[in-house]
Structure formats: C-alpha cells, structure tokens
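Fold and contact review
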Amino acid sequence: MADELLPNPSKRISIRNLNKFYKDFLALDRLNIDIERGEKIVILGPSGSGKSTFIRCFNRIEPHDSGVLMIDGKVIDDKTDLTALRGNVGMVFQNYNLFPHLSVLDNCTLAPRLVRKTPRADAEAAAHRYLTQVGIDEQAAKYPIQLSGGQQQRAAIARALCMNPEIILFDEPTAALDPEAIAGIVSIIQDLAAQEITTICVTHEMGFARRIADRIVFMDKGSILEIAPPEEFFTTPQTDRALAFLNQMIHF
Amino acid sequence: MIFCGQHKTYLHRVLMRIGAVATAVTLYSLSCPAQAEELPSFATDGQLTACTNPTLPPMTFVNGADTSAVAGFDIDVTRELARMWHLKPVITTMDFEGMFPSLASERCGIVISGVLRQTGREKNYDAVPYLDSSIVVIAKSGTPKIASLSDLAGQSVAVETGTSYEALIEKENKVLASQGRPAIQLQMYPSEDQVIQQVLIGRVHALISQDVEVFFRQKQLGGKVSIILTPDNPDFREFAIYLRKNAHDKALLQAAISDMKQRGLLEQLSHKWGISDQEAQVFSEQNAPSAFSVPVFVSALTSAAFLKGAALTLIVAVLSHLTAILISIPVALKLNGPRSPLQMFLTAYVGVFRGAPTLLQLLFIWNALPQFFPIFRESWFTPFLATWISLSINESAYQVEINRAALRAVDSGQLLAAEALGMKKSVIYRHVIFPQALRIALPPTINDFISLLKTTSLASVISLQELLAVTQIQVARTFQFTEYYSAALVWYLAMVFFFLYLQKRIERRFSWADRNEATANG
Ligand SMILES: Nc1ncnc2c1ncn2[C@@H]1O[C@H](COP(=O)(O)OP(=O)(O)OP(=O)(O)O)[C@@H](O)[C@H]1O
Ligand SMILES: [Mg+2]
C-alpha cells in the first residue's frame with residue numbers, strides 16, 4: 001500500500017483515502033494505491049466488494065465523495081473536464097455494450113468524430129489500425145450482432161483505443177468468453193502494456209489474473225486488503241479473507 | 001316596422017322624379033335614423049354569421065359536388081336577411097349537435113337549419129318562425145296509411161339524433177304502456193339521410209320527419225317512400241331561426257321575416273325549392289339507385305370534393321401526429337427521469353388526455369374554450385386549428401407512453417458506454433439512444449397514426465370538411481350511399497396502406513437488430 005499521506009504526482013495514478021458512499025452505505029472505504037505507467041493491475045475480490053465501483057471512479061462515471069484521486073499529477077474532482085478525462089481513461093465492459101445500430105467501424109469512429117471532431121477519413125484510418133491490432137479488421141463493416149462474443153469484446157477494446165487513452169479500465173472483460181477467446185484478450189492487454197498503456201482489470205478468472213497482472217489488488221467490503229505481485233498473492237496471501245477467497249475459487 | 005333597405009329605394013324613386021335630391025337625403029336620414037340601431041347585436045364586423053347542418057334538403061344542403069357551396073331555402077333566407085341588413089352572409093356548416101353550442105359560444109349569430117320551433121328550445125334561445133311545416137311519418141311506398149302514432153306500437157322507427165322526435169315517441173310510449181301495448185322502438189341516426197337509409201334497407205318500419213323533407217326525398221327517391229301519417233302536433237308546426245336571448249334582436253328578426261312574407265318572397269322560395277308540391281321542380285327526376293353504379297362510384301372517387309376531403313384528413317392527421325411526437329419526447333424523458341414535482345403534473349396530463357374521449361376534447365376546445373377566452377371566438381381560430389390542437393394534445397398523451405416504453409427498452413449499458421467515451425448527454429441521445437428507441441417505437445407509432453387518421457372524422461362535428469364529412473354531405477345530396485361510402489373507404493384504405501408500406505420501408509433500416517437479416521454495410 002502507498003505509505004505517504006500525500007498523493008504522488010509523478011505516478012500515473014495516485015489515490016489517497018478514497019471514499020464513496022451510496023446514500024448511507026460506504027461502498028469504498030479509505031482506498032490508497034499508486035499505479036505506474038504501463039502497469040497491469042488486476043482487482044480481485046468477492047461479489048459486492050466494490051471492484052466495479054472503484055474502477056468507475058477513475059473516469060468519474062461514479063464520482064468519489066472524499067479523498068484524492070490524481071491522474072498524471074492532476075487532481076480529479078467536480079471541476080475536471082469530463083470529456084478530456086474520459087478521452088484519457090477508456091473503459092471496456094463485461095457485456096461489451098457496443099452500439100448495435102452501428103457497424104463495427106462506426107462504433108469505433110463515433111466518439112472521435114463527435115467528441116474530438118476528427119474528420120471521418122482520419123477517424124476511419126485510425127479505426128482500421130486498431131481493429132487490425134486487435135485482429136478483427138475484416139469484420140469492420142459488420143454489425144455487432146453478427147460477431148462472436150470474443151470478436152465483440154475485441155471491437156469494444158478497439159473502440160476504446162480509438163480515443164488514444166493512456167489508461168484502460170476493464171470490468172470483467174472475459175466473463176462471457178471461452179478459453180481461446182480469453183487467450184486472445186490476454187495478448188491484447190500485454191500488447192497495450194508494451195505501448196505504456198496502463199490497464200486496470202476487474203476479473204473472476206484466476207488464471208487470467210495470474211497471466212496478466214503485474215500486481216493484484218484484493219478487495220473486500222469496500223476496502224483494499226492486499227496489494228501484491230501475483231505469485232506472492234496466490235501462494236502466500238497475507239489475510240484470512242484472501243485465503244478463504246482463494247480456497248473458494250480453487251474449489252469451484 | 002319598415003326596413004330601411006326597402007324604404008330607401010322606394011323614396012329614391014319617388015323623389016328623384018321630382019328632382020329634389022337634397023330633400024331626399026334629408027328625408028331619408030329622418031325616416032331612417034342611425035342604421036346601427038336597426039342592426040341586431042349579433043351582426044358584428046359587418047357580417048351575418050349563420051350555423052347550418054347541410055344535410056336536410058331542401059332546407060339546407062349541398063346542391064352539387066362542391067361541399068363549400070351550400071344551398072336551400074334556409075340559405076336563401078339567410079342571404080336575404082344579410083342583404084336587408086347590408087351585411088355579408090357568412091355560413092358555417094357543422095353537425096346538428098354542434099350548432100346550439102356554437103350559438104351559445106357566439107361563433108354564429110343565428111342557427112338556421114330547418115330546426116323546429118319548440119317550447120323546450122325557447123327556454124334557452126329566442127326563436128323566430130319563418131315557415132309552416134308539419135310532422136310526417138314516412139315508410140316505404142305501398143305501406144298502408146295509419147290513423148295515429150299509436151298504430152306504430154311494436155314497430156321500429158328511426159329519427160335523427162338531436163331532434164325532438166325522440167321526446168314525441170317517448171310520450172307516445174307512455175300512453176302505450178298504460179294501455180298494456182308494446183312500445184315503439186326508437187333508433188337514432190346522426191343525419192337525416194341515414195335515417196331514410198334505414199327505411200330503404202328495411203331495418204326500420206318507418207321514420208319521422210317534416211313534410212318539406214319528404215317532398216324533396218320523394219322526388220329524389222323516385223317514389224320509393226311515402227307519407228303514411230300526418231299527425232298534428234303544436235311542437236312541430238313551424239321552422240324557426242334561433243338566436244341568443246335578446247328581445248331587441250328578436251323583434252328585428254321578426255320584422256325582417258314578416259317583411260319577406262309581405263313581399264311574397266317566402267312564397268317564391270317555397271316554389272323554388274319544391275316545398276309546395278305542384279311547383280315546377282328544380283331537381284331533375286331521378287330514380288332511386290337500387291344497385292351499385294360503377295360510374296357514380298368512379299366519379300365520386302375522382303371528384304374534387306373527395307380529393308379535398310382526403311387531403312384535409314391527411315394533412316390534419318400528419319400535422320397533429322408530428323406535433324404530438326414533438327411534445328411527447330421531452331415529456332417521456334422527464335417521466336423516465338428522477339422524481340420531480342413536474343412529473344406529477346405530466347402524469348396528470350397524460351392521464352387526463354388519455355382518459356377523456358377524443359370527441360369530448362374536440363367539442364371542449366371548439367365550444368367551451370371561447371366561453372373562457374373570447375379570443376378563441378375570433379375568425380383566426382378555425383375548425384382546422386381547433387382540430388389540430390385537440391388531436392395533437394390527445395395523441396401526445398398516447399405517444400408519451402410509446403416513447404417511455406421504447407426508451408426504457410434501450411439497454412442502460414448503452415448510456416454508460418457512450419458516457420465512458422466522453423460523449424455529452426445531448427449527443428448520446430441523438431446518436432445512440434434515439435436511433436435504437438425508434439426501432440421499438442415505430443410499429444406502435446404507425447399503429448397510433450392509422451388510428452388518428454380515422455379519428456379525424458370526428459372533426460366533422462366542429463365543421464371541418466374532412467373526408468367523412470364530405471361523404472355524408474354528398475350522400476345527403478345524391479342518396480347514392482353505397483357508391484359514396486365505397487369511395488370514402490377506398491380513400492381511407494389507400495392512405496392507410498401507404499403508411500403501412502412506409503413502415504416496412506423504414507423497418508428495413510433496422511436490419512442491424514436481426515442477426516440473419518443484418519447486411520454488412522461495407
Ligand atoms: N448505484 C448504486 N446504488 C446503491 N448501491 C450500489 C450501487 N452500485 C453498487 N452498489 C453497492 O455497492 C457495493 C459494491 O458494488 P460493486 O458493483 O462495486 O461490486 P463488485 O465488487 O463489482 O461486485 P461484482 O463482482 O458482483 O461485480 C454493493 O454492495 C452494491 O450493492
Ligand atoms: Mg462488478
């Protein structure tokens with residue numbers, strides 16, 4: 001855990017005492033962490049522990065109530081320009097949430113054209129580049145409904161990449177995928193890290209977590225209980241909660 | 001009382017001959033004081049406004065294919081009144097039920113529409129009789145004559161809605177009941193021609209009407225109907241012009257009518273319109289059509305009157321629905337959003353306008369609104385405008401529910417994903433939410449539109465000359481109801497099928513929702 005009391009502006013992300021309430025319910029309880037450029041963070045924890053809530057704070061889809069969230073040395077609060085923030089922090093969802101009425105290509109170019117005012121030709125050229133990177137450029141003209149689950153998740157990643165984010169948040173990206181498709185997503189995330197893109201990924205797949213994580217963050221009841229490299233976390237968890245969680249996971 | 005219009009010409013003629021023009025002017029101004037005093041108070045803006053329901057030939061009807069050209073005894077009387085008072089006659093046509101509310105709301109100065117003088121009506125309005133009449137019972141030709149109304153016991157009888165024959169029959173039924181005899185079965189129809197149709201097709205035994213009606217119909221129907229009884233009844237002896245209660249106006253109108261009588265004008269009009277039976281006919285002899293006549297159907301279908309009626313129906317429906325959609329989108333968004341006091345108001349709005357009958361809303365806007373706000377009495381507030389407003393409000397209440405359901409059906413993840421891409425709410429709704437909601441809303445919207453297209457026919461009660469009003473007026477004129485109804489049906493179906501086709505065309509753009517039909521747009 002981050003030791004200092006003050007946030008560290010030299011880190012990509014620096015979080016101190018982050019709190020989030022839903023009415024009276026404390027969903028996030030004094031979270032502290034520093035995250036490096038190009039780092040791959042995986043968040044684990046039982047259902048309802050606050051993982052989704054936590055990563056939604058990064059792009060302010062869920063605004064935090066107190067504490068400090070700093071990205072690239074800038075404090076994120078209610079004065080932050082959300083368009084700029086969300087351009088810098090992309091997000092990929094469990095259900096992909098592609099726009100069903102647009103082709104894969106238009107899914108990728110919609111936000112650059114409407115938010116960034118990028119000319120269509122430039123936006124499409126960039127989209128084809130990212131679709132090639134995630135390996136589905138030949139599907140560009142199709143509608144989402146015509147793609148397999150793995151292809152849809154790749155399209156969703158390409159859509160996020162089209163905004164040139166430096167951080168990408170993944171909320172259970174592999175939950176609906178088969179092992180082969182999961183392997184594809186793993187290599188894409190490793191690819192992103194090579195480009196200095198920071199990835200923060202919530203998952204329930206232990207194998208997936210072990211393969212991609214630089215560090216594992218273990219959450220329970222709105223608190224971060226452990227932050228450790230995967231081999232350390234999976235072999236010698238420090239808390240009883242983490243141990244119980246891992247035992248449960250292995251038995252299922 | 002002497003009328004200035006008449007008096008003036010007479011004086012002129014006499015005085016011009018002795019060359020004393022100056023004296024004439026002096027004399028004239030003496031004998032005929034300020035003209036404003038002689039005008040009834042309902043004459044405003046130099047206009048004599050009259051309400052009439054042109055489905056009662058030969059009193060008031062459309063004597064040709066042009067629905068705006070009303071004619072008949074009543075129309076001639078109105079024109080003569082206007083001429084005598086130096087006013088411009090403005091004749092508004094509407095359903096029978098609409099006339100007295102229109103009189104009350106000062107939309108017209110007089111009601112002249114072959115309406116009988118009756119004590120009941122005189123409680124609320126003044127009546128000035130202008131033509132003698134008598135009640136008649138009519139049946140198919142060949143039906144034996146009867147001696148009194150009680151001979152109709154157990155038979156079915158048709159009358160026009162809103163007329164006072166209903167009360168007459170009910171009174172008779174009480175007498176019959178006390179004698180232990182079966183009642184006369186009453187059936188009511190919204191127009192005189194429909195009443196006659198019932199006799200012709202044999203649904204009812206007889207109908208009750210006025211003699212003038214029959215003189216006209218008898219010729220038109222080639223003797224297919226005849227009078228079986230002429231009961232004498234004080235409540236059915238005179239046709240009267242109705243006006244709002246005003247002793248001064250009433251006296252003026254009475255004077256004008258008696259002047260017309262003295263000049264022999266009313267007698268002359270009786271001959272002109274074939275009310276006195278021996279007179280030469282202004283209507284050509286015509287046999288009652290027994291079978292469907294294709295040429296009549298084709299000419300009805302392609303007539304300018306039908307084209308205009310259909311165009312009006314289409315325009316008022318499209319305009320109203322577009323307005324309704326514009327109103328309904330923000331209302332639906334608000335109702336789907338977080339709780340607020342405005343929401344309660346909007347919920348009430350939707351509830352009231354979905355709950356109240358459309359016909360009632362139309363009548364309310366047309367007849368009740370001018371009572372609260374006199375500005376709605378002015379001529380800019382046309383039946384078209386009133387229909388547009390009522391149907392827009394009414395339809396918007398239904399459309400709100402369609403929109404709400406459609407917006408809810410769009411996955412909430414769509415909003416989330418678009419927000420995560422940095423898009424603004426307005427952009428998200430325009431490019432992400434609405435296109436998806438449209439697919440869900442389209443079929444019920446077209447469905448509602450088709451229903452609205454037919455609802456426009458209600459607007460005939462506030463005198464909008466839409467397709468069904470045109471049809472009824474033409475049927476009353478020609479009595480070729482099968483052909484005219486068929487022509488109207490073809491027009492309605494053509495419009496409906498066009499919109500169903502349009503729906504199919506638009507739905508093709510939603511192929512993205514169907515895995516098997518989606519076509520890659522490369
Ligand atoms: N909008 C909300 N309003 C109220 N409570 C909420 C809301 N969103 C989440 N919560 C609560 O906050 C807690 C954390 O929810 P969150 O979705 O972050 O859990 P999670 O760790 O992502 O769980 P899962 O693994 O099932 O996705 C839960 O108890 C949840 O019920
Ligand atoms: Mg979650």
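The name that an unreviewed UniProt entry assigns to chain A is ATP-binding cassette domain-containing protein, with the source organism given as Acetobacter conturbans. In its Sequence similarities (unreviewed entry) section, the UniProt entry covering chain A states "Belongs to the ABC transporter superfamily."

With that out of the way, let us pick up the nonpolar core. Residues and elements named next belong to chain B. In terms of nonpolar packing, the biggest core is built from 53 residues, with Met59, Phe73, Val77, Leu81, Ile110, Tyr130 and Ile241 touching the most fellow members. Sort the elements by how many residues they give to this core and helix H4 (residues 73-84) lands first, with 5 residues. Summarising the domain contributions, this core has at least three residues from each of domain 1 (6-133 + 237-272) and domain 2 (135-233). Contact partners of Leu81, with chain neighbours within four places excluded, come to Leu48, Ile110, Ile241, Leu253, Ala256 and Met260.

Turning our attention to the site of ligand 1. Residues and elements named next belong to chain A. Inspection of the region around ligand 1 gives Tyr22, Phe25, Pro46, Ser47, Gly48, Ser49, Gly50, Lys51, Ser52, Thr53, Glu172 and His204 as its neighbouring residues. At 3.0 Å, a backbone N or O of Gly50 approaches an oxygen atom of ligand 1. Separating an oxygen atom of ligand 1 from a side-chain N or O atom of His204 is a distance of 3.2 Å. Counting residues per element, the shell around ligand 1 draws most heavily on helix H1 (residues 51-58), which supplies 3 residues. In the shell around ligand 1, the residues fall into 3 nonpolar, 7 polar and 2 charged.

How big an interface is tends to be stated in terms of the accessible area lost upon association of its parts. Facing 27 residues of chain A, the contacting portion of chain B comprises 26 residues. Of the roughly 2300 Å² buried at the junction of chain A and chain B (both faces included), carbon and sulfur atoms supply 65%. Summed over the three residues of chain A that lose the most area to chain B, namely His101, Tyr143 and Ile145 of chain A, the buried surface amounts to 25% of that side. For the pair chain A and chain B, the number of links is 0 salt bridges. If you look at where chain A meets chain B, you find 5 residue pairs in polar contact (both at pLDDT 80 or more). Contributing elements (two or more residues each) for the side of chain A that touches chain B: helix H2 (82-88), strand E6 (89-92) and helix H3 (104-115) of chain A. Here the side of chain A that touches chain B gets 4 residues from one element, more than from any other, and that element is H3 of chain A. Of the residues contributing to the side of chain A that touches chain B, the split by class is 16 nonpolar, 7 polar and 4 charged.

Residue and element names in this part refer to chain B. Tallied over the entire structure, the rule returns 24 aromatic pairs over all chains. Between Phe449 and Phe499, the aromatic rings sit 4.4 Å apart at their centres with planes inclined by 55°, giving tilted as the arrangement. Placement of Phe449 in helix H18 (residues 425-455) and of Phe499 in helix H20 (residues 481-507) is noted, with a sequence separation of 50 residues between them. As far as the burial class goes, Phe449 and Phe499 line up, both buried.

Attention now moves to the environment of Arg237 of chain B. Residue and element names in this part refer to chain B. Inspection of the secondary structure puts Arg237 in the loop between strand E12 (225-229) and strand E13 (238-244). Spatially, the C-alpha atoms of Arg237 and Trp512 are 72 Å apart, while their sequence positions differ by 275 residues. Apart from residues no more than four positions distant in its own chain, Arg237 is found in contact with Leu131, Asp132, Ser133 and Asp232. Reaching out from Arg237, the side chain makes a polar contact with the side chain of Asp232 at a distance of 2.8 Å.

Time to look at the UniProt feature "domain: ABC transporter" (unreviewed entry) in chain A. The positions UniProt marks with the feature "domain: ABC transporter" (unreviewed entry) are residues 13-246 of chain A. Structurally, residues 13-246 of chain A is divided into 38% helix and 26% strand, and its ends, taken at the C-alpha atoms, are 27 Å apart.

All names here are of chain B. Running from N to C, H18 and H20 cross one another at 170°; their axes reach a closest spacing of 10 Å. Taken together, the axes of H18 and H20 lie roughly antiparallel to each other. Along its contact with H18, which presents Leu442, Pro443, Ile446, Phe449, Ile450 and Leu453, the element H20 presents Tyr492, Met495, Val496, Phe499, Leu500, Gln503, Ile506 and Glu507.

Glancing now at helix H5 (residues 149-161) of chain A. Compared with an ideal rise of 1.5 Å per residue, which puts 13 residues at 18 Å, H5 of chain A spans 18 Å between its outermost C-alpha atoms and is within 8% of the ideal. The buried fraction of H5 of chain A is high, at 10 of 13 residues. Those residues of H5 of chain A that sit buried are Gly150, Gln152, Gln153, Ala155, Ala156, Ile157, Ala158, Arg159, Ala160 and Leu161 of chain A. The inward-facing, buried residues of H5 of chain A contact E6, H3, helix H4 (120-133), strand E7 (167-171) and helix H6 (179-194) of chain A together with helix H17 (412-420) of chain B.

It is worth spelling out empty space enclosed by the protein at this point. To find the voids left in a structure, one rolls a probe of water-molecule size over its atoms. Residue and element names in this part refer to chain B. Enumeration according to the criterion identifies 4 cavities of 30 Å³ or more in this entry. Estimates place the volume of the largest cavity at around 190 Å³. As for the largest cavity, its lining consists of 20 residues, and the residues nearest its centre are Leu56, Gly114, Glu160, Thr163 and Tyr165. Split by residue class, the lining of the largest cavity holds 7 nonpolar, 9 polar and 4 charged. For the lining of the largest cavity, the two domains that each supply at least three residues are domain 1 (6-133 + 237-272) and domain 2 (135-233).

The next thing to look at is the pattern of salt bridges. With the rule as written, the count across this model stands at 24 salt bridges over all chains. Across the pair Glu39 of chain A and Arg215 of chain A runs a salt bridge, and its minimum N-O distance is 2.5 Å. With Glu39 of chain A in the loop between strand E2 (25-35) and strand E3 (40-44) and Arg215 of chain A in strand E9 (residues 215-220), this residue pair connects regions lying 176 residues apart in the sequence. For Asp76 of chain B, the salt bridge identified is with Lys272 of chain B, shortest N-O distance 2.8 Å. In this pair, Asp76 of chain B is assigned in helix H4 and Lys272 of chain B in helix H11 (residues 265-272), connecting sequence segments 196 residues apart. One salt-bridge network, in which partners are shared between bridges, spans Arg12, Arg37, Asp72 and Glu166 of chain A.

Before going further, it helps to examine the environment of Glu138 of chain A. Mapped onto the elements of the fold, Glu138 of chain A is located in the loop between H4 and H5. C-alpha separation for the pair Glu138 of chain A and Lys117 of chain A, spaced 21 residues apart in sequence, amounts to 25 Å.

Another aspect to go through is the state of the cysteines. Scanning the entire structure with this criterion turns up 1 disulfide over all chains. Across the disulfide from Cys51 of chain B sits Cys108 of chain B; the S-S distance is 2.2 Å. On the sign convention where negative means left-handed, the S-S torsion of about -105° between Cys51 of chain B and Cys108 of chain B marks this disulfide as left-handed. Of this pair, Cys51 of chain B sits in strand E1 (residues 47-52) while Cys108 of chain B is found in the loop between helix H5 (96-104) and strand E6 (110-111), placing the two residues 57 residues apart along the sequence. Counting only cysteine sulfurs, Cys201 of chain A is the nearest neighbor of Cys57 of chain A, a cysteine outside any disulfide, at a range of 17 Å. Between Cys162 of chain A, a cysteine without a disulfide, and Cys108 of chain A, which holds the nearest cysteine sulfur, the sulfur-to-sulfur distance is 4.4 Å. By relative accessible area, Cys162 of chain A is classed as buried at 7%.

Residue and element names in this part refer to chain B. With mixed pairing, the 5 strands of this open sheet are ordered in space as E5-E1-E6-E13-E7. In the strand order of this sheet, the two ends are held by strand E5 (88-93) and strand E7 (125-132), each with one partner. In this sheet, E13 lies alongside E7 in antiparallel orientation, the contact comprising 7 bridges. For Ala127, the partnering residue across the bridge sits in E13 and is Tyr242.

Scoring rules and cut-offs
Residues numbered from 1 in each chain as written. Chains lettered and ligands numbered in written order. Predicted model: local features only at pLDDT ≥ 70, side-chain atom pairs only at ≥ 80, totals over all residues. Heavy atoms only, no water. UniProt positions renumbered as here; feature names shortened; annotations may be inferred. Core = buried A, V, L, I, M, F, W, Y, C linked by side-chain atoms within 4.5 Å. Buried < 20%, exposed > 50% of the residue type's maximum accessible area, 1.4 Å probe, protein only. Helix = DSSP H or I, 4+ residues; strand = E, 2+ residues; numbered from the N terminus. Domains from an automatic or database assignment. Contact = heavy atoms within 4.5 Å. Near = heavy atom within 4 Å. Polar contact = N/O pair within 3.5 Å; in protein donor to acceptor, adjacent residues only side chain to side chain. Nonpolar A, V, L, I, M, F, W, Y, C, P; charged D, E, K, R; others polar. Buried area = accessible area lost by both parts, 1.4 Å probe. Salt bridge = Lys/Arg side-chain N within 4 Å of Asp/Glu carboxyl O. Phe/Tyr/Trp six-rings, centres within 6.5 Å; stacked < 30°, edge-to-face > 60°. Axes fitted to C-alpha atoms, helices over the stretch in contact; angles between N-to-C directions. Parallel < 35°, antiparallel > 145°, perpendicular 65-115°, else oblique. Expected span 1.5 Å × (residues − 1). 1 Å grid on protein atoms, 1.4 Å probe; cavity = no way out; pocket = protein on both sides within 12 Å on 5 of 7 lines; lining within 4 Å. Points joined across faces, edges and corners; volume = space filled by probe spheres on them. Disulfide = S-S within 2.5 Å. Pairing = 2+ DSSP bridges.

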